[in-house]
Amino acid sequence: MSDPRQPHLVVFTGSGISAESGIQTFRAGDGLWAEHPIEEVATPQAWRRDPARVLNFYNLRREQVRRARPNAAHKALADLERQGFRVSIITQNIDDLHERAGSRNVLHLHGEILKARSTVDARMQYPLPRGGIELGDICDKGSQLRPDVVWFGESVPHFGEACEIVAEADMLLVVGTSLAVMPAASLLEHTPLDAPSVLVDPEAAALAPPGVFRISQPAGKGVPELVRHWRREGRLWVPETLLG
Ligand code: APR
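Here the structure is a predicted model, which means the values were calculated and not measured.

Caption draft 1: The overall build of the protein chain, seen in detail. Within the protein chain, the secondary structure is distributed over ten helices and nine strands. Here the C-alpha atoms of the protein chain give a radius of gyration of 18 Å, agreeing with the 18 Å that 2.2 N^0.38 yields for 244 residues. Its C-alpha atoms give the protein chain principal-axis dimensions of about 55 × 40 × 30 Å. Counting all 244 residues of the protein chain, 52% fall into the buried class.

Below, the structure written as structure tokens:
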């Protein structure tokens, strides 16, 4: 059970944290957007033009997520929470690997692939424990279902809530994101002035904005190491030996 008197770790994750679980990132040379152009599968215009193609794209992603397993980074964060640290996770990821690792406090900024939602009423959501969404699958109001994900050009419904969480951080741990997408990346600007931010990403040296500590390692190595230090000392801090 998280203890509200404990220092508050806010974790902001991107697709890089799930890379070692076998889920593709987006912007690498061999990333998802190189294979499937954004404007053909991840915009409202794409949906209007060719909904079958969009559904097929997300049906394939969903199968990939179901096959994947949480890795050492997801597990370390869940272990930290189990030990009594106060941990809030804000993820850009649409997979459920944080939850399957055992994290209980997870906010999905860009939606969840394992849910469908109505195209006429976003509040009408349906879990997808198996199978995909096909043309003709309808909500209780009779309209086509779509994946419960945020497409480019759509608003990010939980962004305000995410800003409030970050504003209460004692430390912000950012993992596996190129910080290329707004408004998500601007979350880093909402940390309190005395709360350090640290980025764990193999490309951290190139990606971290000024003032953000860099740990240039894959998530499956860098996150468990950080967590080991925190658990051993019972506090959140930035070990200099891991930086670089
Ligand atoms: N561990 C940690 N980070 C890694 C690893 C790894 N093993 N492998 C790759 N990365 C890093 C890359 O260095 C890169 O910085 O993951 C990051 C992935 O960046 P992007 O592909 O841009 O993905 P992300 O930042 O998650 O994208 C944000 O953009 O397309 C939208 O909605 C989509 O949520 C997504 C958002």
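Caption draft 2: Molecular detail of the nonpolar core. Membership of the largest hydrophobic core comes to 25 residues, with the highest contact counts inside it found for Leu-9, Val-11, Leu-77, Leu-173, Val-175, Val-223 and Trp-230. When contributions to this core are tallied by element, the ones reaching two or more residues are β1 (8-13), α6 (72-82), β2 (86-91), β7 (171-175), β8 (197-200) and α10 (219-233). With five residues, α10 is the single largest residue contributor to this core. With residues near it in sequence (within four places) discarded, Leu-9 still touches Leu-80, Arg-86, Val-87, Ser-88, Met-171, Leu-173, Trp-230 and Leu-236. In this structure, Val-41, Trp-47, Tyr-58 and Leu-128 belong to the second largest nonpolar core, which totals 24 residues.

Caption draft 3: Looking closely at the domain arrangement of the protein chain. Domains assigned within the protein chain are domain 1 (1-22 + 70-110 + 155-244) and domain 2 (24-67 + 113-149). On a C-alpha basis, the centroid separation for the pair domain 1 and domain 2 is 26 Å. Facing twelve residues of domain 1, the contacting portion of domain 2 comprises twelve residues. Across the interface of domain 1 and domain 2, roughly 830 Å² is buried in total on both sides, 60% from carbon and sulfur atoms. The largest per-residue losses of area from domain 1 upon contact with domain 2 belong to Ser-15, Gly-22 and Ile-94, which jointly make up 47% of the total buried on that side. Where domain 1 packs against domain 2, one counts two residue pairs in polar contact (both at pLDDT 80 or more). For the side of domain 1 that touches domain 2, the class distribution of residues is four nonpolar, five polar and three charged.

Caption draft 4: A look at the sheet that holds strand β6 (residues 145-149). Overall, antiparallel pairing links the three strands, which are arranged β5-β4-β6 in an open sheet. Strand pairing shows two members of the sheet lacking a second neighbour, β5 (125-127) and β6, which therefore form its edges. Across the sheet, the mean angle from the axis of one strand to that of its neighbour is 45°, orientation sign disregarded. With three bridges joining them, strand β4 (residues 111-118) and β5 adopt antiparallel strand pairing. If you follow Lys-115 over to β5, its bridge partner there is Pro-127. Contacts from helix α5 (residues 51-67) reach β4 and β6, with the element oriented near 140° to β4.

Caption draft 5: Molecular detail of the pattern of salt bridges. Enumeration over the complete set of coordinates arrives at 14 salt bridges. The salt bridge partner of Asp-96 is Arg-100, with a shortest N-O separation of 3.0 Å. For Lys-115, the salt bridge identified is with Glu-112, shortest N-O distance 2.9 Å. Here Lys-115 falls in the partly exposed class, since its relative accessible area comes to 25%. Its relative accessible area of 23% is what places Glu-112 among the partly exposed residues. Through salt bridges with shared partners, one network takes in Asp-79, Arg-82 and Arg-231.

Caption draft 6: Inspection of the site of the ligand at higher detail. Close to the ligand lie 22 residues; Arg-27, Trp-33, Thr-177, Ser-178 and Asp-201 are nearest. Separating an oxygen atom of the ligand from a backbone N or O atom of Gln-92 is a distance of 3.1 Å. Residues belonging to the shell around the ligand are distributed by class as follows: nine nonpolar, nine polar and four charged. Looking at the shell around the ligand, you find at least three residues from each of domain 1 (1-22 + 70-110 + 155-244) and domain 2 (24-67 + 113-149).

Caption draft 7: Expanded view of the side chain of His-98. As for its placement among the helices and strands, His-98 is situated in helix α7 (residues 97-101). By relative accessible area, which is 1% here, His-98 ends up buried. Leave out the neighbours within four places in its chain, and His-98 touches Thr-13, Ile-17, His-74, Leu-77, Ile-89, Thr-91, Ser-103 and Val-106.

Caption draft 8: How the structure looks around the packing of α6 against α10. At their nearest, the axes of α6 and α10 sit 7 Å apart, and the two run at 20° to each other. Classified by the angle their axes make, α6 and α10 are roughly parallel. Here α6 and α10 pass one another in a crossing that is left-handed. Between α6 and α10, the contacting residues are Ala-72, Ala-73, Ala-76, Leu-77, Asp-79 and Leu-80 on the first element and Ala-219, Gly-220, Val-223, Pro-224, Val-227, Trp-230 and Arg-231 on the second. Residue composition of the contact of α6 with α10, by class: ten nonpolar, one polar and two charged.

What counts, and where the lines are drawn
Residues numbered from 1 in each chain as written. Predicted model: local features only at pLDDT ≥ 70, side-chain atom pairs only at ≥ 80, totals over all residues. Heavy atoms only, no water. Helix = DSSP H or I, 4+ residues; strand = E, 2+ residues; numbered from the N terminus. Rg over C-alpha atoms; globule rule 2.2 N^0.38 Å. Buried < 20%, exposed > 50% of the residue type's maximum accessible area, 1.4 Å probe, protein only. Core = buried A, V, L, I, M, F, W, Y, C linked by side-chain atoms within 4.5 Å. Contact = heavy atoms within 4.5 Å. Domains from an automatic or database assignment. Buried area = accessible area lost by both parts, 1.4 Å probe. Polar contact = N/O pair within 3.5 Å; in protein donor to acceptor, adjacent residues only side chain to side chain. Nonpolar A, V, L, I, M, F, W, Y, C, P; charged D, E, K, R; others polar. Pairing = 2+ DSSP bridges. Axes fitted to C-alpha atoms, helices over the stretch in contact; angles between N-to-C directions. Salt bridge = Lys/Arg side-chain N within 4 Å of Asp/Glu carboxyl O. Near = heavy atom within 4 Å. Parallel < 35°, antiparallel > 145°, perpendicular 65-115°, else oblique. Left-handed = near helix turned anticlockwise from the far one by under 90°.

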